[in-house]
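Examining the three-dimensional arrangement
Next come the chains, spelled out residue by residue.
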Amino acid sequence: MKLTRLRLIGFKSFVEPTDFMIEPGLTGVVGPNGCGKSNLVEALRWVMGESSHKSMRASSMDEVIFSGSNSRPARNNAEVAISIDNSERSAPAAFNDQDIIEIARRIEREAGSAYRINGREVRARDVQIVFADASTGARSPALVHQGRIGEIIQAKPEQRRRVLEEAAGVAGLHARRHEAELRLKAAEANLLRLEDVIGQLATQMDALKKQARQAIRYRTVSAQVRKAEATLYHLRWTAASNEVTEAERTKDLCLREVAERTGAEAEASKRQALVAAELPSLREAEARAGAALHRLNVARQDLDREEQRAKDRVVELDRRLVQFAADREREQQLAADAEAALARLAAEEETIRSEARESAGRRSGVDAKVAEADAELSAAETVFAELTATLADLAAQRHQLEHAAREHGDRTARLAAEITEIECELSALQQASGPDLAALAAAVDAGQAAIAAAEAAALEAEAAHAAARAQLEASRAPLAEAERRVQRLETEAKTLSKVLAVENKNLWPPVMDHVSVEKGYEKALGAALGDDLDAPVDPSAPMRWMGSAIDAADPTLPEGVEPLSSHVQAPAELARRLHQIGVIDRDNGARLAALLRPGQRLVSPEGDLWRWDGFAAAAHAPTGAARRLAERARLADIEAELQVARTEAEAVRGLAAAAEAALQAAAAAEAQTRNDTRERQRDANAARDQHEAAEREANRHAARLSALTEARTRLTASRDEAAAAKAEAERALGSLAPAADLETRLAGVRDDIAGKRARIAEVRAEQQAIVREAELADRRLTQLATDKDGWLQRQDGARNQIATLESRIAEAQRDRAELENAPQLFAEKRSALISEVETAEAERRACADRLQEAETALAEADRDARAALEAASAAREELARAEEKFEGAKRRLSDIGREI
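Residues numbered from 1 in each chain as written. Predicted model: local features only at pLDDT ≥ 70, side-chain atom pairs only at ≥ 80, totals over all residues. Heavy atoms only, no water.

**Looking at the overall build of the protein**
- Each helix and strand counted, the protein has 12 helices and 13 strands in total.
- Residues classed as buried in the protein amount to 27% of the 900 residues present.
- Carbon together with sulfur atoms contributes 54% to the accessible area of the protein, which is approximately 57400 Å² in total. (Helix = DSSP H or I, 4+ residues; strand = E, 2+ residues; numbered from the N terminus. Buried < 20%, exposed > 50% of the residue type's maximum accessible area, 1.4 Å probe, protein only. Areas by Shrake-Rupley, 256 points an atom, 1.4 Å probe, with all protein chains shown as cover.)

Next up, the structure:
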């Protein structure tokens, strides 16, 4: 098959109908990025049955439909069709009747896709099988896209097997085999289910038989139960009638008791209401008397508190007068102290000012001495710094040269030790002998030769294995065909045996079981005898063939008519009947029927019947007897064929077993040769590894010798260079000037600087003492001014406080004079309040007594009302129970009546 044309309508960017012709030779599509080249390949894969939207570069399969643009609306469907040249007739048999095969796939938005082959709707599986038979498909390696080669290289063995199967053109066979296996499994499952159903039906039949026996026993027992239930219902109805009468009498008694209790409850409630109506006025009078008494008590308490406050006020005024007098004396003392302090501060200020004038003259002479001493000290320190720098440079040079000489000496010793170690290692390497590379190379060559011989043997074993497998595959097809034939014949024989066994499940076997008829005459015998073949020949049967001997006086069949008995072997009981039945050609039936005598019949092999009395029946369908006879004949033929088929199957099975044994032997031989090849490969690899290790060791030995020689040369040059540097440092150290003269001069300058520093320290101490005295005098003058201001403020404050205290003392004396007459007034008011309180207390006590009597009467009425209420409630509950018992008795009586 060859692809000739690809037609796209509404697929991705191909909104308009587009035909892409695939001419003989090489057809290519060239264009810039985004022009739709990849859409053509995806259209091919899509029409070949691709079901993954990710392979179409879409989030769903509906996105392969043109989604619209700024100038074009979106489409609701898309279609891709491909034309295939089938002139070689290589398509599957179902589609191999035309030269051109057109496969189309159409998708509608949110409705899924449909496939058509030559206008006929098919399944997606059918399309995939068509392309699988052509060794291609939506995921075929023939459709190469970016990264496809890498996927094939990195594929798993199972994926590579599918690629090889597709290349070999057997992918369609595998697909069909998979579907056939699925159908076989479904058929096996159905057979197992059918056996389960048969078993369940047998179990149900046994259960139904048991239930039938139980039903018979149930009818007998039910009659006895109904009789006993009738007696029981009568007794229960009599007892229920008595219970209803008793319950009704009890209910009447309860009604009368409830009426009495209700009257008592009403009387108690009336008394309670009268007592409760008098109670609020008594409580109100008691509350008014209590409020008046409380008000008088509060007024008396207020009067007592006011009197106490007046007494406390007198005591407080006396105390404050004493305190005010003490405060006035203290403030007067503070004013006198302030005047004395101000006089003392003025005298001290005058003394300090005179001392400051004297220290100013002495300070000018001390400043000149300090400047002269600073100049002399600076000159001496400059000379000291110069000498110190010269001595430090000399010491640094000496230290540097000594350090360099010491380092070069250590380096020379270290290099000499390293040279000694290298010479020892060189002597050891030169004396050591390396591995035999020639012998190892020979072992590697021998291993390669052994591998080649083993691989040749493995190839021969593989070829023998392939030949044995081919022979086994060739023997499996006849074996499978023979086994299918045997299975088909066995199934048909079992089916016929079951059918015949079901039809013959009678107490007496029919005469048909003893009849044998020639092939082709079953319909004739069935039409001639009909249901008479179902009658038995057993003498104990009520309806049977008794048999009748052939009488010489019986009429003979018309001339040229062959009796049916010559084609049938039957019991003697049927001999006379079969002798009067003739077999003729159906074309002569009407002519010969007129020549029949009483009791004679004519039949045709097709099943037509003509009787002596003029009755005729055409052979439209075989009768039941004819069908059973045909089934018996077919069963005999099948058993004969089955014996031959089993013999042939055994022969083919023997050949297949021999081929399988040969295959196993070839497989074992191939496995052995493969193992030998792997052993030779491991030996060769070991020899190669030893040779490579020896070569690496030899190369390492040579490289180490070269490195040690070079290191010895380099270390010898470094040692000589270090020795020369050490000698140069020692010579420079010897040429340095001595440092003793510089140290002596530096000591003299240091002593001179120490004397000058002591002199300047004395002058500066004197200067600092004068400065401190001047600063102390200034600070003291500032402090005196501050103290003078403070004492002036204290003096003014004391005078103001004395005036305030004088005014407060006068005010307190006035308040003290006003409170001297307060006790007499308070005594008069207290006597009047006490008389009012006693009167109110007597009135409140009288109201409380009347209220107590009313509350006692109300409590007694409450107790009587609650007792009456409880008695009425108990009576009502008893009435409810009686009514409930009466209603229950009536329901039971009614239920018993309904049951009866």
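**Focus: unusual backbone geometry**
- Of note in the backbone geometry, Lys12 takes a positive phi value of approximately 55° without being a glycine.
- Relative to the helices and strands, Lys12 is located in the loop between strand 1 (2–9) and strand 2 (18–21).
- Accessibility expressed as a relative area gives 14% for Lys12, which makes it buried.
- Phi is positive for Asn118, which is not a glycine, with a value near 55°.
- Within the secondary structure, Asn118 is located in the loop between strand 5 (112–117) and strand 6 (120–122).

**Looking at the nonpolar core**
- Counting residues in each nonpolar core, the largest one holds 29 residues, and the members touching the most others are Leu6, Trp46, Val64, Ile103 and Ile117.
- Elements that contribute at least two residues to this core include exactly strand 1, helix 1 (37–47), strand 3 (77–85), strand 4 (100–108), strand 5 and helix 2 (124–133).
- The greatest single-element share of this core, amounting to five residues, is contributed by helix 1.
- Core analysis: the next-biggest nonpolar cluster, separate from the first, contains 19 residues, Ala535, Trp545, Leu574 and Val603 among them. (Core = buried A, V, L, I, M, F, W, Y, C linked by side-chain atoms within 4.5 Å.)

**Side note on the packing of aromatic side chains**
- As enumerated under the stated definition, the model contains one aromatic pair in all.
- A centroid spacing of 5.4 Å and a plane angle of 40° characterise the contact between Phe11 and Trp46, whose relative ring orientation is tilted. Linking Phe11 in the loop between strand 1 and strand 2 with Trp46 in helix 1, this pair joins segments that are 35 residues apart in sequence.
- On the basis of relative accessible area, Phe11 is assigned to the buried category, the value being 0%. (Phe/Tyr/Trp six-rings, centres within 6.5 Å; stacked < 30°, edge-to-face > 60°.)

**A closer look at helix 7 (residues 522–529)**
- Taken across its eight residues, helix 7 has seven buried, putting it largely inside the fold.
- For helix 7, every residue scored as buried is listed here: Glu522, Ala524, Leu525, Gly526, Ala527, Ala528 and Leu529.
- Of the residues one or two after helix 7, Gly530 is the one with positive phi, at around 65°.

**Observations concerning the sheet that holds strand 4**
- With antiparallel pairing, six strands are arranged side by side in an open sheet as 2-1-3-4-5-6. Edge strands, defined here as strands with exactly one partner in the open sheet, are strand 2 and strand 6. The sheet shows a mean angle of 20° between the axes of neighbouring strands, taken without regard to direction.
- Sheet topology note: the strand 5/strand 6 ladder contains three bridges and is antiparallel. Counterpart to Ile117 in the pairing with strand 6 is Arg120. (Pairing = 2+ DSSP bridges. Axes fitted to C-alpha atoms, helices over the stretch in contact; angles between N-to-C directions.)

**Comments concerning the side chain of Glu670**
- Assignment of secondary structure puts Glu670 in helix 10 (residues 624–734).
- No salt bridge is formed by the buried Glu670. Its closest oppositely charged neighbour is Arg674, at 4.1 Å.
- Not counting residues up to four positions away in its chain, the partners in contact with Glu670 are Ala461, Glu462 and His465. (Lys, Arg positive; Asp, Glu negative; His and termini not counted. Salt bridge = Lys/Arg side-chain N within 4 Å of Asp/Glu carboxyl O. Contact = heavy atoms within 4.5 Å.)

**Comments concerning the pattern of salt bridges**
- For the structure on display, the rule yields 15 salt bridges.
- A salt bridge links Asp613 to Arg611; the shortest N-O distance between them is 3.0 Å.
- Since its relative accessible area comes to 25%, Arg611 is described here as partly exposed.
- For Glu650, the salt bridge is made with Arg653, and the minimal N-O distance between the two is 2.8 Å. With Glu650 and Arg653 both in helix 10, this residue pair falls three residues apart, about one helical turn.
- For Arg653, a relative accessible area of 32% gives the class partly exposed.

**Some details on the side chain of Asn39**
- Counting through the fold element by element, Asn39 comes out in helix 1.
- Look at Asn39 and you get buried, because its relative accessible area is 10%.
- A polar atom in the side chain of Asn39 sits 3.0 Å from the side chain of Ser13.
- A polar side-chain atom of Asn39 sits 3.2 Å from a polar atom in the side chain of Arg57.
- If we skip the residues at most four places from it in the chain, Asn39 touches Phe11, Lys12, Ser13, Phe14 and Arg57. (Polar contact = N/O pair within 3.5 Å; in protein donor to acceptor, adjacent residues only side chain to side chain.)

**Structural notes on a positive patch on the surface**
- On the surface, a cluster of positive charge is contributed by Lys209, Lys210, Arg213 and Arg217.
- Of note, Arg217 is situated in helix 5 (residues 171–431). (Patch = residues over 30% accessible without salt bridge, like charges linked within 9 Å, V, L, I, M, F, W, Y side chains within 5 Å. Charge placed at Lys NZ, Arg CZ, Asp CG, Glu CD.)

**Description of the sheet that holds strand 11 (residues 601–603)**
- Read across the open sheet, the five strands follow the order 8-10-11-12-13; overall the sheet is mixed. The open sheet has two edge strands with one neighbour each: strand 8 (562–563) and strand 13 (616–617).
- Relative to strand 10 (residues 581–583), strand 8 runs antiparallel, the two sharing two bridges. When the bridges of strand 10 are listed, Glu562 appears paired with Val583.
- Lying on the sheet, helix 7 is in contact with strand 10, strand 11 and strand 12 (609–611); it crosses strand 11 at an angle near 150°.

**Describing the pairing of strand 1**
- Of the pairings in the sheet, the one linking strand 1 to strand 3 comprises seven bridges and is antiparallel in character. Within the sheet, the bridge partner assigned to Arg7 lies in strand 3 and is Ala81.

**Notes on the environment of Gln333**
- Position of Gln333 relative to the elements: it lies in helix 5.
- For the pair formed by Gln333 and Ala798, sequence separation is 465 residues and the distance between their alpha carbons is 8.7 Å.

**Description of helix 1**
- With eight of 11 residues buried, helix 1 is to be regarded as a mostly interior element.
- All buried positions along helix 1 are accounted for by Asn39, Leu40, Glu42, Ala43, Leu44, Arg45, Trp46 and Val47.
- Phi for Gly49, located one or two positions after helix 1, is positive at around 115°.

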